Amino acid sequence: MARAHEANFDGLVGPTHNYAGLSIGNLASVGHKALVSSPRAAALPGLKKMKFLADLGLDQGILPPQERPSIIALRQFGFTGHSDANVIEKAAQEAPELLAACSSASSMWTANAATFSPSADSRDGRAHFTPANLYNKLHRSLEAGQTARILKKIFNNDALFVHHPPLCGGNVMRDEGAANHTRFCSSYGEPGLQLFVYGASALQPEKNGPAQFPARQTLEASQAVARLHRLSPDRVLFARQSPTAIDAGVFHNDVVSVGNGNYFLCHEQAFSDQKQVLENLRNRFETVCGESFQCIEVAATEVSLEAAVASYLFNCQLIRLNDDSMAVIAPAECEQTPEVKAFLQNLAADTDSPVDEVHFIDLRESMSNGGGPACLRLRVVLNEEEKKSLLPENFLTNENYPLLVDWVNRHYRESLAQNDLADPLLLEESRKALDELCNIIGIGSIYPFQK
Ligand code: SUG
């Protein structure tokens with residue numbers, strides 16, 4: 001068995017971070033529509049979180065933001081002009097909602113960048129990436145092409161990494177990436193068990209779907225990704241999100257469950273037919289991974305679904321530290337919600353639980369758009385050879401951290417209102433920032449404007 005570690009690749013918050021209320025079904029996004037955001041106050045805590053994890057001894061990777069507003073998308077939607085500034089001007093006049101969709105900094109939530117399967121699990125012995133098509137939301141669907149290019153650039157070794165294109169198939173193949181996917185294992189380098197969670201089947205729809213909000217992920221998409229990643233059927237499970245949870249604002253499964261190793265924390269209203277799902281998970285894990293499975297199911301009487309969604313308790317990062325204990329990185333909102341704080345304190349005090357530490361992190365700007373600690377990161381399990389194939393600059397270090405903080409301070413606006421999206425200077429500032437970023441993180445030219 002090759003030794004392996006779990007790296008977290010966080011998305012850097014982009015310079016156009018704003019509140020456009022684009023995500024129906026995501027209560028925070030809709031609830032903060034049209035408020036004034038602070039791109040700088042969003043990006044700095046994101047970096048601070050990365051530094052915190054790096055200081056805990058974890059491999060902390062960096063994924064760059066995408067170019068926004070996306071001039072390519074605006075031109076594809078028929079806005080023309082001699083200059084990119086003209087294109088923005090026309091879009092702002094004729095269709096400000098489209099300009100907002102093309103300006104979102106949503107690529108920061110890299111749990112939705114892709115689904116990743118480690119080489120230990122795949123029958124061809126290579127690690128697989130499928131960028132999420134994010135088909136359910138216009139602003140998010142614009143991310144897939146550039147995400148694919150960035151992942152290929154960073155994980156750039158065909159012998160080790162396989163890059164599938166985002167799934168085609170439109171509405172039937174709606175895919176939201178790792179936010180609906182959890183890998184369990186006895187140790188990272190050993191073959192594991194992958195849980196794919198979907199909201200609905202597109203081809204054989206269930207009768208009791210969510211009544212208010214969309215199911216973003218389809219069973220068909222999850223199955224396609226599992227096939228593409230060459231996973232053995234006995235090491236894969238599919239489970240359906242509870243429609244009640246979706247209607248309560250659980251737009252991704254990482255809002256009601258989080259797992260790592262042989263440990264799983266979930267709300268009791270996370271899944272349809274939950275008893276069966278957890279029994280299957282336990283049995284299958286114990287059979288294929290040869291170790292006991294530990295599941296903590298949080299009762300609604302202890303933490304209601306509403307409190308779970310508002311505090312983002314389950315959107316914590318559950319990380320394994322070098323001494324094999326676990327730490328929880330939770331949003332500050334969990335500390336401010338008494339029953340959630342009490343739950344986490346008990347978890348850390350419980351000697352049967354592997355969790356020894358709980359850290360609260362202030363990510364208010366991202367949280368106001370529905371993005372907690374776990375949304376901001378893509379988990380990538382890498383063995384030594386795979387890690388060596390990456391550049392050192394792809395990771396956060398004591399050297400590049402101050403450079404990145406300085407970079408944000410110099411390029412990011414203190415505040416951004418919806419009207420500011422019409423300002424062509426925002427594009428100019430963002431391009432200048434992204435161009436400089438490419439040097440700091442050693443990624444070369446990755447943006448269309450650099451060609
Ligand atoms: O897709 N919010 C994102 C939040 C993604 C959270 N990710 C995970 N749970 N893994 C979304 O709904 C809001 C943008 C706006 O409204 O301006 C937004 O896209």
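The sections below set out a description of the structure shown in this document. Only a predicted model underlies this, so the values are computations on that prediction, with no experimental measurement involved.

Judged by pairing direction, the sheet is mixed, and its 3 strands sit side by side in the order S2-S1-S15 without closing on themselves. Where the open sheet ends on each side, the last strands, each with one partner, are strand S2 (59-63) and strand S15 (377-383). Strand-to-strand twist across the sheet, computed as the mean angle between neighbouring axes with direction ignored, equals 30°. As judged from the 5 bridges shared by strand S1 (residues 4-11) and S2, these two strands associate in the parallel manner. Looking at S2, one finds that asparagine 8 is bridged to glutamine 60.

Quick look at the environment of tryptophan 109 now. Summarising the element assignment, tryptophan 109 is placed in the loop between helix H5 (96-103) and strand S3 (114-117). Not counting residues up to four positions away in its chain, the partners in contact with tryptophan 109 are Arg140, Ser366, Asn369, Gly371, Cys375 and Leu376. At a separation of 3.0 Å, a polar atom in the side chain of tryptophan 109 contacts the side chain of serine 366.

On to a positive patch on the surface, then. Together, Arg149, Lys152, Lys153 and Lys451 give the surface a local cluster of positive charge. Relative to the helices and strands, lysine 153 is located in helix H7 (residues 144-154).

As a further point, take the packing of aromatic side chains. A full pass over the atoms with the stated rule returns 14 aromatic pairs. Measuring from ring centre to ring centre gives 4.6 Å for phenylalanine 129 and phenylalanine 155, while their planes differ by 40°; the resulting arrangement is tilted. Remark: phenylalanine 155 occurs in the loop between H7 and strand S5 (161-163) and phenylalanine 129 occurs in strand S4 (residues 127-131); sequence separation between them is 26 residues. Given a relative accessible area of 1%, phenylalanine 155 falls into the buried group. Put simply, the rings of Phe9, Phe116, Phe129, Phe155, Phe161 and Phe395 touch in pairs and so form one group of aromatic residues. For lysine 51, the ring lying beneath its charged end belongs to tyrosine 401, and the centroid distance is 5.6 Å. The residue whose ring lies beneath lysine 387 is phenylalanine 395, and the NZ or CZ to ring-centre distance is 5.8 Å.

Right, let's talk about the state of the cysteines for a bit. Counted under the stated rule, the structure contains 0 disulfides. In this model cysteine 266 remains outside any disulfide bridge; the closest cysteine sulfur is found in cysteine 295, 4.3 Å from its own. Of the residues examined, cysteine 295 reaches a relative accessible area of 22% and is grouped as partly exposed.

The subject of this paragraph is the packing of helix H16 (residues 400-411) against helix H17 (residues 424-440). Where H16 contacts H17, the axes come no closer than 11 Å and their chain directions differ by 175°. In terms of their interaxial angle, H16 and H17 are classed as roughly antiparallel. Within the contact between the two elements, H16 uses Asn400, Leu403, Leu404, Trp407, Arg410 and His411 and H17 uses Lys432, Ala433, Glu436, Leu437 and Ile440. Grouping the amino acids of the contact of H16 with H17 by side-chain chemistry returns 6 nonpolar, 2 polar and 3 charged.

Spatial strand order, S6-S7-S8: 3 strands in an open sheet with mixed pairing. Because the sheet does not close on itself, it has two edges, and the strands there are strand S6 (181-184) and strand S8 (236-240). Looking at each pair of strands side by side, their axes are set apart by 20° on average, direction ignored. With 5 bridges connecting them, strand S7 (residues 193-198) and S8 associate as parallel partners. When the bridges of S8 are listed, leucine 195 appears paired with leucine 237. Across the face of the sheet, helix H8 (residues 219-228) comes into contact with S7 and S8 while running at roughly 155° to S7. Across the face of the sheet, helix H10 (residues 274-289) comes into contact with S6, S7 and S8 while running at roughly 160° to S7.

All right, on to the side chain of asparagine 383 then. By the element assignment, asparagine 383 lies in strand S15. By relative accessible area, asparagine 383 is classed as buried at 12%. For asparagine 383, the contacting residues outside a window of four places in its chain are Ala2, Arg3, Ala4 and Ser119.

Our focus in this paragraph is the site of the ligand. In the vicinity of the ligand lie 22 residues, with Leu22, Ser29, His139, Arg216 and Asp254 positioned nearest. When the ligand is considered free in solution it has 490 Å² of accessible area, and contact with the protein chains removes 100% of it. Among the residues forming the shell around the ligand, the class breakdown is 8 nonpolar, 11 polar and 3 charged.

For the rest of this paragraph, the subject is the pattern of salt bridges. For the structure on display, the rule yields 20 salt bridges. Between lysine 387 and aspartate 59 there is a salt bridge, with its nearest N and O atoms 3.1 Å apart. Within this pair, whereas lysine 387 is found in helix H15 (residues 384-388), its partner aspartate 59 is found in strand S2, the two being separated by 328 residues in sequence. Residues arginine 75 and aspartate 84 are paired through a salt bridge, measuring 3.0 Å at the closest nitrogen-oxygen approach. Residue classification places aspartate 84 among the partly exposed positions, given a relative accessible area of 22%. Several salt bridges converge on common partners, so that one network encompasses Glu67, Arg75, Asp84 and Arg431.

Turning next to the pairing of S1. Across the 8 residues that make up S1, a large majority, 7, are buried. Bridge count for S1 against S15 is 7 bridges, and the pairing is antiparallel. Bridged to alanine 7 within S15 is valine 380.

Let us now look at unusual backbone geometry. For the bond from arginine 68 to proline 69, the omega torsion is -5°, close enough to zero to count as cis. Structurally, the position occupied by proline 69 is in the loop between S2 and helix H3 (71-76). With a phi angle near 45°, leucine 134 is a residue other than glycine that sits in the positive phi range. Within the secondary structure, leucine 134 is located in the loop between S4 and helix H6 (138-141). Residue leucine 134 is classed as buried on the basis of its relative accessible area, which comes to 1%. Look at aspartate 273: it is not a glycine, yet its phi comes out positive at around 55°.

The rules behind these values
Residues numbered from 1 in each chain as written. Predicted model: local features only at pLDDT ≥ 70, side-chain atom pairs only at ≥ 80, totals over all residues. Heavy atoms only, no water. Pairing = 2+ DSSP bridges. Helix = DSSP H or I, 4+ residues; strand = E, 2+ residues; numbered from the N terminus. Axes fitted to C-alpha atoms, helices over the stretch in contact; angles between N-to-C directions. Contact = heavy atoms within 4.5 Å. Polar contact = N/O pair within 3.5 Å; in protein donor to acceptor, adjacent residues only side chain to side chain. Patch = residues over 30% accessible without salt bridge, like charges linked within 9 Å, V, L, I, M, F, W, Y side chains within 5 Å. Areas by Shrake-Rupley, 256 points an atom, 1.4 Å probe, with all protein chains shown as cover. Salt bridge = Lys/Arg side-chain N within 4 Å of Asp/Glu carboxyl O. Lys, Arg positive; Asp, Glu negative; His and termini not counted. Charge placed at Lys NZ, Arg CZ, Asp CG, Glu CD. Phe/Tyr/Trp six-rings, centres within 6.5 Å; stacked < 30°, edge-to-face > 60°. Buried < 20%, exposed > 50% of the residue type's maximum accessible area, 1.4 Å probe, protein only. Lys NZ or Arg CZ within 6 Å of the ring centre and 35° of its normal. Disulfide = S-S within 2.5 Å. Parallel < 35°, antiparallel > 145°, perpendicular 65-115°, else oblique. Nonpolar A, V, L, I, M, F, W, Y, C, P; charged D, E, K, R; others polar. Near = heavy atom within 4 Å.

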